Amino acid sequence: MAAPVATAAARSSVLTYSSARRVQGMDAVSFRVSASFPRQRTSFPSIRVQQIPRRFQVSCSAKQETIEKVCEIVKGQLALPEDSTVTGETKFVDLGADSLDTVEIVMGLEEAFQISVDESSAQEIQTVGDAAALIDKLIADKDA
């Protein structure tokens, strides 16, 4: 295998790496990777790390009783212990739910609240609060 080769120009550095590998059925496969970096810049303008002040807090638009009922249904569907903490901000994936579990949760919510959730809306549900907000919206639309 060839070693990396570095050459320096007046304003930039170029790093070139070449390697040849033997692949079954082929004599050799050659890979070449080349990158150029300006020397004058100390950081990349597209990558910036900045702290964002916490001015806003995410809040759920669902009713508290809806959130509590959804939490109980989620605990039951995922067979979580009664002392486990599930809130409106809890993500289904954080509870260990896969896509099949999420479908079963939505089906349980449809049955409990006597609503019908279309597939596109069901795919947007990520948290307990998302589910509760969607349920409140569907109930309000059904009553209107």
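All values derive from a computational prediction rather than experimental measurement.

Quick notes on the rules
Residues numbered from 1 in each chain as written. Predicted model: local features only at pLDDT ≥ 70, side-chain atom pairs only at ≥ 80, totals over all residues. Heavy atoms only, no water. Helix = DSSP H or I, 4+ residues; strand = E, 2+ residues; numbered from the N terminus. Contact = heavy atoms within 4.5 Å. Areas by Shrake-Rupley, 256 points an atom, 1.4 Å probe, with all protein chains shown as cover. Expected span 1.5 Å × (residues − 1). Buried < 20%, exposed > 50% of the residue type's maximum accessible area, 1.4 Å probe, protein only. Phe/Tyr/Trp six-rings, centres within 6.5 Å; stacked < 30°, edge-to-face > 60°. Lys NZ or Arg CZ within 6 Å of the ring centre and 35° of its normal. Axes fitted to C-alpha atoms, helices over the stretch in contact; angles between N-to-C directions. Parallel < 35°, antiparallel > 145°, perpendicular 65-115°, else oblique. Left-handed = near helix turned anticlockwise from the far one by under 90°. Nonpolar A, V, L, I, M, F, W, Y, C, P; charged D, E, K, R; others polar. Core = buried A, V, L, I, M, F, W, Y, C linked by side-chain atoms within 4.5 Å. Polar contact = N/O pair within 3.5 Å; in protein donor to acceptor, adjacent residues only side chain to side chain. pLDDT = per-residue confidence, 0-100. Patch = residues over 30% accessible without salt bridge, like charges linked within 9 Å, V, L, I, M, F, W, Y side chains within 5 Å. Salt bridge = Lys/Arg side-chain N within 4 Å of Asp/Glu carboxyl O.

Caption draft 1: Broad picture of the overall build of the protein chain. Scanning the protein chain from N- to C-terminus turns up 4 helices and 3 strands. Start at the N end of the protein chain and walk to the C end: the helices and strands fall as β-β-β-α-α-α-α. Across the protein chain, every contact between residues at least 6 apart in sequence was considered, and the portion connecting residues at least 24 apart equals 46%. Here the protein chain displays about 11200 Å² of accessible surface, and carbon together with sulfur accounts for 52% of that area.

Caption draft 2: Summary view of helix α4 (residues 128–143). Taking 1.5 Å per residue, 16 residues should reach 22 Å; α4 reaches 23 Å between its end C-alpha atoms and fits that length. The set of residues buried in α4 consists of Val128, Gly129, Ala131, Ala132, Leu134, Ile135, Asp136 and Leu138.

Caption draft 3: Main features of the packing of aromatic side chains. In this structure the tally under the stated criterion is 0 aromatic pairs. Over the aromatic face of phenylalanine 113 sits the side chain of lysine 69, whose NZ or CZ is 4.6 Å from the ring centroid.

Caption draft 4: A look at the packing of helix α1 (residues 64–77) against α4. Between α1 and α4, the shortest axis-to-axis distance is 9 Å and the interhelical angle comes to 125 degrees. When the axes of α1 and α4 are compared, the pair comes out oblique. As α1 runs across α4, the sense of the crossing is right-handed. Residues Thr66, Ile67, Val70, Cys71 and Val74 of α1 form the contact with α4, whose participating residues are Val128, Ala131, Ala132, Ile135 and Asp136. A per-class count over the contact of α1 with α4 returns 8 nonpolar, 1 polar and 1 charged.

Caption draft 5: Just the nonpolar core, in detail. One finds Val70, Val74, Phe92, Leu109, Phe113, Val117 and Val128 to be the most contacted residues of the largest nonpolar core, which totals 25 residues. Those elements that provide at least two residues to this core are α1, α2 (99–113) and α4. No other element matches α4, which puts 6 residues into this core. Setting aside chain neighbours within four positions, we find valine 128 in contact with Ile67, Val70, Cys71, Val74, Val86, Thr87, Gly88, Thr90 and Phe92.

Caption draft 6: A look at α2. Compared with the 21 Å implied by 1.5 Å per residue over 15 residues, the 21 Å span of α2 between its first and last C-alpha is a close match. Those residues of α2 hidden inside the fold are in contact with α1, α3 (119–124) and α4. Where α2 begins, the side chain of aspartate 98 points an oxygen toward the backbone nitrogen of leucine 100, at a separation of 3.2 Å. Directly after α2, the chain includes glutamine 114, whose backbone phi takes a positive value near 55 degrees.

Caption draft 7: Examining the confidence of the model for the protein chain more closely. Mean pLDDT over the protein chain stands at 75; residues scoring 70 or higher make up 58%. Throughout residues 1–18 the model reports pLDDT below 50, and contacts reaching past four residues in sequence, or to other chains, amount to 40 contacts.

Caption draft 8: Spotlight on a nonpolar patch on the surface. On the surface, Leu100, Val103 and Met107 cluster together to form a nonpolar patch covering roughly 290 Å² of accessible area. In this structure, leucine 100 sits in helix α2. We classify leucine 100 as exposed; its relative accessible area is 52%.

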